[in-house]
Amino acid sequence: MIDPKLHSLIKVVETGSFTRAAEQLSLTQPAVSQHIRSLESELNVRIFERKNNELHVTHEGETVIKYARRMLSLYNNLCKDLTSEKRQLTSLTVGITHTAESNAIAEALARYVNSRSGVTIKIITDSQSNLHDMLKNYELDFAIVEGKINDPSLKYLILDTDCLVLAVSPGHRLARSGMVTIGELQKEKMILRLPDSGTRNLFVASLESQNLSIDDFNVVLEIDNIATIKDLIRRDFGVSVLAKSACMDELKKKKIVVLPIENLSMMREINIVYTQDFEHFQLLRDIVKYYNETRSSMPRQG
């Protein structure tokens, strides 16, 4: 059994209040307070402190909370795996980036679920860095991300390759060009992903390889939601640098035109990432198979 003090700790973090945590846990407020004091005494740290009558997590408290989440996730995974073995069911939590959410990956996961009676998948969409953290905390079974990070606790299985392109509306003056120069791009109003996205980071890195900075371009909007960016592109509010895979549906319907940018090679891998102790390799192979089937059924774009 997991120490109930950990449940109290996480609930206080989630609610920001000892009183609300007690209500949700069906405990008294003094009981929750005692749980936190006991944890602090056992670990010889301060987890919370009050500033301006607000509850704040200390630096040491952040470490305690990180491991508490990991312990709870491991215990929940244990219960889930034991239940799955008894009932021959599989329940998965999969993380995908915003870019991955927009291409064939979601369809491949849906095909997998439809082929397995009783299988359920919960999809969590977040930034690449957050998904890596959730994976290491065992809050995810695996994740699908662009590129890799140097972390020996994680393993990668390549799913596909992708490239970044300039996306413009069909009526845009550049739409009939075979390629766009950096000089031409600097004249455009740009709508980009947020700075913590993998797409944005790859674009910035490619610019820096040409001794350029993102500040050399006219970025008028920064948006996390790819669907919103594509909608604004279609309505000619600007242009954007996006993963080609994220534009496949619009390309098929001729709602968006994509173009390479001269001297910027922006290729990257799409990977399934999982922890060292992940054991369900046939499941991953099945996901790859359904993904390849999904991709092969889509019309190829030049």
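Residues numbered from 1 in each chain as written. Predicted model: local features only at pLDDT ≥ 70, side-chain atom pairs only at ≥ 80, totals over all residues. Heavy atoms only, no water.

Asker: Tell me about the environment of Tyr 156, and please be specific about residues and values.
Answerer: Checked against the element boundaries, Tyr 156 lands in strand β6 (residues 154-168). Distance in space between the C-alpha atoms of Tyr 156 and Arg 234 is 35 Å, their sequence separation being 78 residues. When sequence neighbours within four positions are dropped, the list of residues in contact with Tyr 156 reads His 132, Val 145, Gly 147, Lys 148, Ile 149, Asn 271, Ile 272, Val 273 and Tyr 274. For Tyr 156, the side chain forms a polar contact with the side chain of His 132, separated by 3.1 Å. (Helix = DSSP H or I, 4+ residues; strand = E, 2+ residues; numbered from the N terminus. Contact = heavy atoms within 4.5 Å. Polar contact = N/O pair within 3.5 Å; in protein donor to acceptor, adjacent residues only side chain to side chain.)

Asker: Can you break down the packing of aromatic side chains residue by residue, with the values?
Answerer: Going through the model one piece at a time under the given rule, you end up with six aromatic pairs. Measuring from centroid to centroid gives 6.0 Å for Phe 18 and Phe 48, while their planes differ by 70 degrees, and the two rings are edge-to-face. On the criterion of sequence distance, the pair formed by Phe 18 in helix α2 (residues 18-25) and Phe 48 in strand β1 (residues 48-51) is long-range, its members being 30 residues apart. The residues Phe 18 and Phe 48 share a single accessibility class, namely buried. Relative to Phe 278, the ring of Phe 142 has its centre 6.3 Å away and its plane inclined at 75 degrees; by these criteria the two rings are edge-to-face. Taken as a pair, Phe 142 in strand β5 (residues 142-146) and Phe 278 in the loop between β11 (267-275) and α12 (281-296) lie far apart in primary sequence, 136 residues in all. When sorted by exposure, Phe 142 lands in the same class as Phe 278, which is buried. Within the aromatic cluster, the residues linked to one another by ring pairs are Phe 142, Tyr 274, Phe 278 and Phe 281. (Phe/Tyr/Trp six-rings, centres within 6.5 Å; stacked < 30°, edge-to-face > 60°. Buried < 20%, exposed > 50% of the residue type's maximum accessible area, 1.4 Å probe, protein only.)

Asker: Describe in detail the nonpolar core, supporting the description with residues and values.
Answerer: One finds Leu 166, Leu 185, Met 190, Phe 203, Val 241, Ile 261 and Met 266 to be the most contacted residues of the largest nonpolar core, which totals 25 residues. With near-sequence residues (within four places) excluded, Ile 261 lies in contact with Leu 166, Met 179, Val 180, Ile 182, Leu 185, Val 241 and Met 266. Formed by 23 residues, the second largest nonpolar core is a distinct cluster that contains Val 94, Ala 104, Ile 144 and Leu 283. (Core = buried A, V, L, I, M, F, W, Y, C linked by side-chain atoms within 4.5 Å.)

Asker: Just give me the short version of the environment of Ile 223, but keep the residues and values in it.
Answerer: Topologically, Ile 223 is positioned in the loop between β8 (218-222) and α10 (226-234). When the C-alpha positions of Ile 223 and Leu 192 are compared, they lie 6.3 Å apart, and in sequence the two are 31 residues distant. Among residues more than four places away in sequence, those in contact with Ile 223 are Ile 191, Leu 192, Arg 193, Leu 194, Thr 228, Ile 229 and Leu 232.

Asker: Account for the side chain of Ser 169, naming residues and giving values.
Answerer: Relative to the helices and strands, Ser 169 resides in the loop between β6 and α8 (182-185). By relative accessible area, Ser 169 is classed as buried at 1%. Within the structure, Ser 169 has its side chain in polar contact with the side chain of Asp 236 (distance 2.7 Å).

Asker: Hey, could you go over the pattern of salt bridges for me, with residue numbers and the actual values?
Answerer: Scanning all chains against the criterion turns up 17 salt bridges. Between Asp 286 and Arg 116 there is a salt bridge, and its shortest N-O distance comes to 2.6 Å. Remark: Arg 116 occurs in the loop between α6 (104-115) and β4 (120-125) and Asp 286 occurs in helix α12; sequence separation between them is 170 residues. Exposure remark for Arg 116: the relative accessible area of 27% places this residue in the partly exposed category. Of the charged contacts in the structure, one is a salt bridge between Arg 235 and Asp 231, with a shortest N-O distance of 3.0 Å. (Salt bridge = Lys/Arg side-chain N within 4 Å of Asp/Glu carboxyl O.)

Asker: I'd like a rundown of helix α1 (residues 4-15), residues and numbers included.
Answerer: For the α-helix, the turn length of 3.6 residues means that residues three or four positions removed from each other point alike. Here α1 contains twelve residues, and its C-alpha end-to-end distance of 17 Å stays within 8% of the 16 Å for a straight helix at 1.5 Å per residue. Buried within α1 are the following residues: Lys 5, Leu 6, Ser 8, Leu 9, Ile 10, Lys 11, Val 12 and Thr 15. Directly after α1, the chain includes Gly 16, whose backbone phi takes a positive value near 75 degrees. (Expected span 1.5 Å × (residues − 1).)

Asker: How would you sum up the environment of Val 168? Please name residues and give values.
Answerer: Turning to its location among the elements, Val 168 is positioned in strand β6. The sequence separation of Val 168 and Leu 232 amounts to 64 residues, and the corresponding C-alpha distance is 9.7 Å. Setting aside residues up to four positions removed in sequence, Val 168 forms contacts with Ala 175, Ile 233, Val 239, Ile 256, Val 257 and Leu 259.

Keep in mind these values describe shape, not function.
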